[in-house]
Amino acid sequence: MADPKHIDNIKVNNLPEMALEKGDKLQKAENKLKNHPYDLESWNVLIKDAQEKPIEVSRRVYERLIDTFPTCGRFWKLYIEEELKSKNFEKVEHLFQRCLLKVLNLDLWKFYLTYVKETKRNLKNFREKMMKAYEFALEKVGIDVASGGIWSDYVQFIRSGEAAGSYAENQKIMAIRRVYQRAVMMPLSNVEQLWRDYSTFEQNVNEIIAKKLLEERSRDYQNARRVAKDYEATTRGLIRGAPALPPQNNGDERAQIEMWKKYIAWEKNNPMRSEDRNMTKKRVMYAYEQALLTWGHHPDIWYEAALFLERTATEAHEKGDTIRAQEWRDEVAGLYEKATIGLLKNNLMLHFAYADYEESRMKTEQCHNIYKNLLSNVSDPTLVYIQYMKFSRRAEGVGKARGVFKKAREDSRSRYHVFVAGALMEYYCTKERHPTGFCLFRRFFIEILDHVAQIFRTDLIKLYTDR
């Protein structure tokens, strides 16, 4: 049998070598992330190392992680768990504020409910806070087919409360009934179990009225059960919750995107057969939001979601629902803003679509802000200046467009296309005999010819000298 002291000596002697090997892995991971910031293997090395260190040391790594993958619920949860281990409750709640509304990840929301339940139970108004937390969660993710556990937990939480007196007991029964009746109408994976539990609940309360209440809800339950089974068939093979990566252009990616689009199209066909326009819109947008958690680097999905929401708002307006139509139009702008300040802050197509949409709503100042923000983010602003000029001419006249053209001329990053666009604008939009744009373009063209001629002369002299 080996001597324990000898084994300990081997371990101690190997520590420097192990530390060196670990340091090499970390350095290799960091070096790879410089050129490939979305490399998941390298991030896994950094995460594993961060979990072995105090949060005060590793917090910078987690901030980098969620800055790179801002829509990944799993990474937000990892970060919050580390803060929670150190009982940094203020930081935990600040992180929840940063991510919950932006990342509709079911596991993240369940973690939030667990956090509220475990850390607020000693407060006098704990039950009120917990009820609000459940309602908040169900409002945001309660239509998710996998959210049945939250519905069940909510019922059990209400049941666990004490009720002193007949009035309080009746209020408790009413609260449980309302949650059950909402749940059994939803296409949830456990809707059949929820229906059995609800039936038992009503039988125990009053057998006489139970039959009537269950008959009233039976049709909605059958519809929800049918849709839940259709959902399972439609989404089989769908990957959810993966970190969002830039387009890889491979077969697996294309297959997944097609599956997501198939699922979204299924939701657009209103499988619930609901006459509630708001519910249909909510389900479709939830499908888009789930897709964007993983495919947020794909601008076409953002654009399709915005178009759907815009069309829905137009339909609501045509049917006289002007208040809801206005709310949904504002949601379109919010969706564009979320895309253009997040993963796709350098994407020209989405910025131009956002600007066009705000222009259609006569939001001129917001359009200026969109173009200015884009100009500060791109390396080549040529096309941005051209679109900005066109917008300024349409919205404010040729004079304002010339102001944009002046800024483009002064920007060293601009290319000659700006001069061509400016010249064409002057030609078609003014009646001047010698349009300003053409004069500037001619001057620019002459300067280019002089520059090319100078290069040509220099090359000829060099060639002659070498010979």
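Refer to the preceding data block for the structure.
A few points on the structure. Residue positions within a chain follow its written sequence, with the count starting from 1. Per-residue local features are limited, in this predicted model, to residues with pLDDT of at least 70; the limit for side-chain atom pairs, both in listing and counting, is 80 or more; totals at the level of whole chains, interfaces and linings are taken over all residues. Side-chain figures throughout are based on the complete set of non-hydrogen atoms in the structure, without hydrogens or water.

Regarding the nonpolar core
Here is step 1: Only buried residues count toward a nonpolar core. Its members are Ala, Val, Leu, Ile, Met, Phe, Trp, Tyr and Cys residues joined through side-chain atoms within 4.5 Å. A simple rule labels every residue: compare its accessible area, found with a 1.4 Å probe on the protein chains alone, to the largest value its type can have, and call it buried under 20%, exposed over 50%, or partly exposed in between. In terms of nonpolar packing, the biggest core is built from 67 residues, with Ile 80, Phe 96, Tyr 112, Leu 113, Met 130 and Tyr 198 touching the most fellow members.
Here is step 2: Runs of E in the DSSP output that reach at least two residues are strands. Runs of H or I that reach at least four are helices, and both are numbered from the N terminus. Top contributing element to this core by residue count: helix H6 (residues 106-119), with 8 residues.
Here is step 3: Residue contacts are defined here by distance: any two heavy atoms, one from each residue, within 4.5 Å place the two residues in contact. If near-sequence neighbours (up to four positions away) are discounted, Leu 113 is found in contact with Met 130, Ala 133, Tyr 134, Ala 137 and Ile 150.
Here is step 4: With 53 residues, the next largest nonpolar core counts Ala 333, Tyr 354, Tyr 388 and Met 389 among its residues.

Considering the layout of surface pockets
Here is step 1: Counted as a void, the largest pocket has a volume near 1400 Å³.
Here is step 2: Only protein atoms enter the 1 Å grid used here. Points where a 1.4 Å probe fits but cannot escape make up a cavity, open sets with protein on both sides within 12 Å along at least five of seven lines make up a pocket, and a residue lines them when an atom lies within 4 Å of a point. Taken together, 42 residues make up the lining of the largest pocket; nearest its centre are Leu 101, Lys 102, Val 103, Glu 289 and Lys 338.
Here is step 3: Elements represented by at least two residues in the lining of the largest pocket include exactly helix H3 (55-68), helix H5 (89-99), helix H7 (126-141), helix H13 (277-295), helix H14 (299-318) and helix H15 (322-340).
Here is step 4: The biggest single contributor to the lining of the largest pocket is H13, with 9 residues. Grid points are joined across faces, edges and corners, and a volume is the space filled by probe spheres set on the points.

Topic: empty space enclosed by the protein
Here is step 1: All chains considered together, the criterion is met by 2 cavities of 30 Å³ or more.
Here is step 2: What the largest cavity holds in volume is close to 70 Å³.
Here is step 3: Lining the largest cavity, in full, are Ile 143, Asp 144, Val 145, Pro 187, Tyr 231, Arg 240, Tyr 263, Glu 267, Arg 283 and Tyr 286.
Here is step 4: Taken together, the elements giving at least two residues each to the lining of the largest cavity come down to helix H12 (251-268) and H13.
Here is step 5: Class assignment of the residues belonging to the lining of the largest cavity gives a composition of 6 nonpolar, no polar and 4 charged.
Here is step 6: Empty space within the second largest cavity amounts to approximately 30 Å³.
Here is step 7: Lining the second largest cavity are Glu 267, Asn 270, Pro 271, Met 272, Thr 280 and Arg 283. Note on residue categories: nonpolar means Ala, Val, Leu, Ile, Met, Phe, Trp, Tyr, Cys or Pro, charged means Asp, Glu, Lys or Arg, and polar means any other residue, Gly included.

Topic: H15
Here is step 1: Here, expected helix span is obtained from the residue count minus one, scaled by 1.5 Å. In a regular helix each residue adds 1.5 Å, so 19 residues correspond to 27 Å; H15 covers 27 Å between its end C-alpha atoms and thus fits that length.
Here is step 2: For H15, the set of buried residues is Ala 325, Trp 328, Val 332, Ala 333, Leu 335, Tyr 336, Ala 339 and Thr 340. Relative to the axis of H15, the buried residues are bounded by an arc of 150° and lie together on one face.
Here is step 3: The elements touched by buried residues of H15 are H13, H14 and helix H16 (348-360). Note that the arc is computed from the directions linking the helix axis to the C-beta atoms.

Remarks on unusual backbone geometry
Here is step 1: With a phi angle near 60°, Lys 87 is a residue other than glycine that sits in the positive phi range.
Here is step 2: Secondary-structure assignment places Lys 87 in the loop between helix H4 (73-85) and H5.
Here is step 3: Under the relative-accessibility criterion, Lys 87 is labelled exposed at 62%.
Here is step 4: We note that Arg 273 has phi near 55°; this positive angle belongs to a residue other than glycine.
Here is step 5: Here Arg 273 lies in the loop between H12 and H13.

Structural notes on a nonpolar patch on the surface
Here is step 1: A patch consists of residues whose relative accessible area exceeds 30% and which take part in no salt bridge; residues with like charges are grouped when within 9 Å of each other, and nonpolar side chains (Val, Leu, Ile, Met, Phe, Trp, Tyr) when within 5 Å. Computed with the Shrake-Rupley method and a 1.4 Å probe, the accessible areas treat only the protein chains shown as cover for residues. When a carboxyl oxygen of Asp or Glu is within 4 Å of a side-chain nitrogen of Lys or Arg, the pair counts as a salt bridge. A cluster of nonpolar residues, Tyr 416, Val 420, Leu 424, Tyr 427 and Tyr 428, forms a patch on the protein surface that exposes about 560 Å² of accessible area.
Here is step 2: Looking at where Val 420 falls in the secondary structure, it is placed in helix H20 (residues 417-429).

Concerning the packing of aromatic side chains
Here is step 1: Only rings of Phe, Tyr and Trp enter the pairing, Trp through its six-membered ring, and a pair is recorded when the two centres are within 6.5 Å. The plane angle decides the type: under 30 degrees is stacked, over 60 is edge-to-face, the rest tilted. One pass over the structure, following the stated rule, counts 29 aromatic pairs.
Here is step 2: Measuring from ring centre to ring centre gives 6.2 Å for Trp 43 and Phe 69, while their planes differ by 80°; the resulting arrangement is edge-to-face. Separated by 26 residues along the polypeptide, Trp 43 in helix H2 (residues 40-51) and Phe 69 in the loop between H3 and H4 bring together distant segments of the chain.
Here is step 3: Phe 69 gets classed as buried once you look at its relative accessible area, which sits at 1%.
Here is step 4: With 5.5 Å between their ring centres and 45° between their planes, Phe 96 and Tyr 115 make a pair best called tilted. Of this pair, Phe 96 sits in helix H5 while Tyr 115 sits in helix H6; the two residues are 19 residues apart in sequence, bridging distant segments of the chain. Tyr 115 shares its class with Phe 96; the two are buried.

Thoughts on the environment of Ile 55
Here is step 1: One can find Ile 55 in helix H3.
Here is step 2: Look at Ile 55 and you get buried, because its relative accessible area is 2%.
Here is step 3: Between the C-alpha atom of Ile 55 and that of Tyr 79, which follows or precedes it by 24 residues, the distance is 8.9 Å.
Here is step 4: The contact partners of Ile 55, leaving out residues within four places of it in the chain, are Tyr 62, Tyr 79, Glu 82, Glu 83, Ser 86 and Asn 88.

Shape is all these values report; function is a separate question.
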